[in-house]
Amino acid sequence: MASSSPQPPSSAGAAAEAMAEAGEQGREEPAAATREEPAPAASSPSGDGAEAAEDAAVAAEGDGGEAGGAGEPKAEALDGEVRSAEAEAVDGEDPSLQPSAAKKVKLELKERKEKKHKVDEDEIQKMQILVSSFSEEQLNRYEMYRRSAFPKAAIKRLIQSITGTSVSQNVVIAMSGISKVFVGEVVEEALDVCEKWGELPPLQPKHMREAVRRLKSRGQIPNSKYKKIIFH
Amino acid sequence: MADEEEDAPVSGAGRGAAGGPGRGWVRGRVRVRCMMYGFGDDQNPYTESVDILEDLVIEFITEMTHKAMSIGRQGRVQVEDIVFLIRKDPRKFARVKDLLTMNEELKRARKAFDEANYGS
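Residues numbered from 1 in each chain as written. Chains lettered and ligands numbered in written order. Predicted model: local features only at pLDDT ≥ 70, side-chain atom pairs only at ≥ 80, totals over all residues. Heavy atoms only, no water.

Per an unreviewed UniProt entry, chain B goes by Transcription initiation factor TFIID subunit 13 and derives from Anser cygnoides. Taken from UniProt, the Sequence similarities (unreviewed entry) comment for chain B reads in full: "Belongs to the TAF13 family." Quoted straight from UniProt, the Subunit (unreviewed entry) entry for chain B says "Component of the TFIID basal transcription factor complex, composed of TATA-box-binding protein TBP, and a number of TBP-associated factors (TAFs), including TAF1, TAF2, TAF3, TAF4, TAF5, TAF6, TAF7, TAF8, TAF9, TAF10, TAF11, TAF12 and TAF13. Interacts with TBP, and more strongly with TAF10 and TAF11." (UniProt positions renumbered as here; feature names shortened; annotations may be inferred.)

For chain A, the name recorded in an unreviewed UniProt entry is TAFII28-like protein domain-containing protein, with Anser cygnoides as its organism. Its UniProt record, at the heading Sequence similarities (unreviewed entry), says of chain A: "Belongs to the TAF11 family." As stated in UniProt under Subcellular location (unreviewed entry), the record for chain A gives "Nucleus".

So this is what it looks like as structure tokens:
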């Protein structure tokens, strides 16, 4: 893979260089992943699409970022438009950097993305090993953890009843995702409280309320009813 | 998974009628119950705890919606506003980014799949 092959047409048709190798590796992954995805995506109803996507796209997790990065032009040439594109890609970098320095920075960025890609793959492998060694009860719990979700229709209705206008699908997806994380935070905190008080699950309302009080003092629960006085 | 309330229909129905928009909306106590089990609670969590959690979630969504309406483009809730609001919370921020990325990938994959199907 050390030979420099021309970039696929999806990039800006730029010349290939040392990053072609990384680019190739990055290219193959998204293609393979997207071929995998249609099967599970087609077989699951759109309501559970997010969950099925999780299973299918856990393997492709790192590839979203990789595909995005690979799409950036990787030219060596000093055309005006390429330089401005480079400046875009290297966020916040001084566009008047020497071309060699800019190239080095881009190389670093690419390496970092590669490392992240490998780390994601390691993580996926570790997860697979972990899940394969679960007991039945743990498997049950893990399945509930992955599969449970708020009904999108209800969330959409709730948001629309507050705004009065319609909201896009992305908003509903984001909001239901955040709500699930929120539930997780409260339950975890409540379990901490329960353990600290020397009691056992199932969680009782007093644990939940104490958990909410703690989260509020940490600022993790939004509360716009009272104005915060900064200096008492 | 059925969305009907399976437990304590008396209290559920009574509350559903008199509770205002909060109770009747996010029906499906079963969902929250499963979620609590998934996050570490007992397999049968207390109904009162489930109720508390449901109320919390509704309040959370309401607060976020109000905040999102007040920033960015007023009167509308957009994804960018939500992302801005949770930028300080690393877990939620990462989760939203992942979800939206996966959604985009799914859409792309479905589109490619459909086109391939349509072509052949």
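The rest of the description comes next.
J.: Help me understand the packing of aromatic side chains, please; the structure alone is not making it clear to me.
T.: The description of an aromatic ring pair rests on the distance of the ring centres and on the angle between the ring planes. This structure, assessed with the given rule, holds 4 aromatic pairs over all chains. Ring centres 5.4 Å apart and planes at 75° place the aromatic pair Y145 of chain A and F39 of chain B in the edge-to-face group. Here Y145 of chain A, found in helix α7 (residues 136-147), pairs with F39 of chain B, found in helix α3 (residues 29-39), and the two come from separate chains. Residue Y145 of chain A is classed as partly exposed on the basis of its relative accessible area of 35%. For F39 of chain B, a relative accessible area of 15% translates into the label buried. When the centroid spacing of 4.4 Å and the interplanar angle of 5° are considered together, the rings of F182 of chain A and F60 of chain B count as stacked. Here F60 of chain B lies in helix α4 (residues 47-70) and F182 of chain A lies in helix α9 (residues 169-196), a pairing that spans two chains. Assigned by exposure class, F182 of chain A and F60 of chain B land together as buried. Taken together, F134, Y142 and Y145 of chain A together with F39 of chain B form an aromatic cluster joined through their ring pairs. K180 of chain A extends its terminal NZ or CZ atom over the ring of Y145 of chain A, reaching a point 5.4 Å from the ring centre. (Phe/Tyr/Trp six-rings, centres within 6.5 Å; stacked < 30°, edge-to-face > 60°. Helix = DSSP H or I, 4+ residues; strand = E, 2+ residues; numbered from the N terminus. Buried < 20%, exposed > 50% of the residue type's maximum accessible area, 1.4 Å probe, protein only. Lys NZ or Arg CZ within 6 Å of the ring centre and 35° of its normal.)

J.: Just checking my understanding: could you explain the nonpolar core for this structure?
T.: One broad rule of soluble globular proteins: the nonpolar side chains tend to lie buried together. Counting 45 residues, the largest nonpolar core has V183, V186, V187 and M208 of chain A together with L53 and I61 of chain B as the members making the most contacts within it. Elements with a contribution of two residues or more to this core: α8 (152-163), α9 and α10 (205-218) of chain A together with α3, α4, α5 (79-85) and α6 (90-119) of chain B. Tallying contributions element by element places α9 of chain A first for this core, with 12 residues. Once residues within four sequence positions are removed from consideration, L53 of chain B is found in contact with V183, V186, V187 and M208 of chain A together with V32 and M36 of chain B. (Core = buried A, V, L, I, M, F, W, Y, C linked by side-chain atoms within 4.5 Å. Contact = heavy atoms within 4.5 Å.)

J.: What is the right way to look at helix α6 (residues 99-132) of chain A in this model?
T.: Residue pairs three or four apart in sequence face the same way in an α-helix, which turns once every 3.6 residues. With 34 residues, α6 of chain A should cover 50 Å at 1.5 Å per step; its first-to-last C-alpha distance of 49 Å lies within 8% of that length. Every buried residue of α6 of chain A is accounted for by A102, K106, K110, H117, D120 and I124 of chain A. (Expected span 1.5 Å × (residues − 1).)

J.: Mind showing me how you'd approach the packing of α8 of chain A against α4 of chain B here?
T.: The description of two packed helices rests on the angle between their axes and on the distance between the axes. It is at 10 Å that the axes of α8 of chain A and α4 of chain B come closest, and there the two elements cross at 45°. Classified by the interaxial angle, the pair formed by α8 of chain A and α4 of chain B is oblique. At the point where α8 of chain A passes α4 of chain B, the crossing takes the right-handed sense. Contact residues: I155, L158, I159, I162 and T163 of chain A in α8 of chain A; I58, I61, T62, T65, H66 and M69 of chain B in α4 of chain B. The residue makeup of the contact of α8 of chain A with α4 of chain B, split by class, is 7 nonpolar, 4 polar and no charged. (Axes fitted to C-alpha atoms, helices over the stretch in contact; angles between N-to-C directions. Parallel < 35°, antiparallel > 145°, perpendicular 65-115°, else oblique. Left-handed = near helix turned anticlockwise from the far one by under 90°. Nonpolar A, V, L, I, M, F, W, Y, C, P; charged D, E, K, R; others polar.)

J.: When you look at the pattern of salt bridges in this model, what are you seeing that I'm missing?
T.: Oppositely charged side chains are able to pair whenever their charged atoms sit close together. In total, this model carries 11 salt bridges over all chains according to the counting rule given. Linking K92 of chain B and E185 of chain A is a salt bridge whose minimum nitrogen-to-oxygen distance equals 3.4 Å. Taken together, the residues span two chains, with K92 of chain B in helix α6 and E185 of chain A in helix α9. Note that R218 of chain A and E189 of chain A form a salt bridge whose closest N and O atoms lie 2.9 Å from each other. Residue R218 of chain A is found in helix α10, and its partner E189 of chain A is found in helix α9; the two are separated by 29 residues along the sequence. By relative accessible area, which is 9% here, E189 of chain A ends up buried. Three or more residues joined by partner-sharing salt bridges are found here, namely E189, E210, R213, R214 and R218 of chain A. (Salt bridge = Lys/Arg side-chain N within 4 Å of Asp/Glu carboxyl O.)

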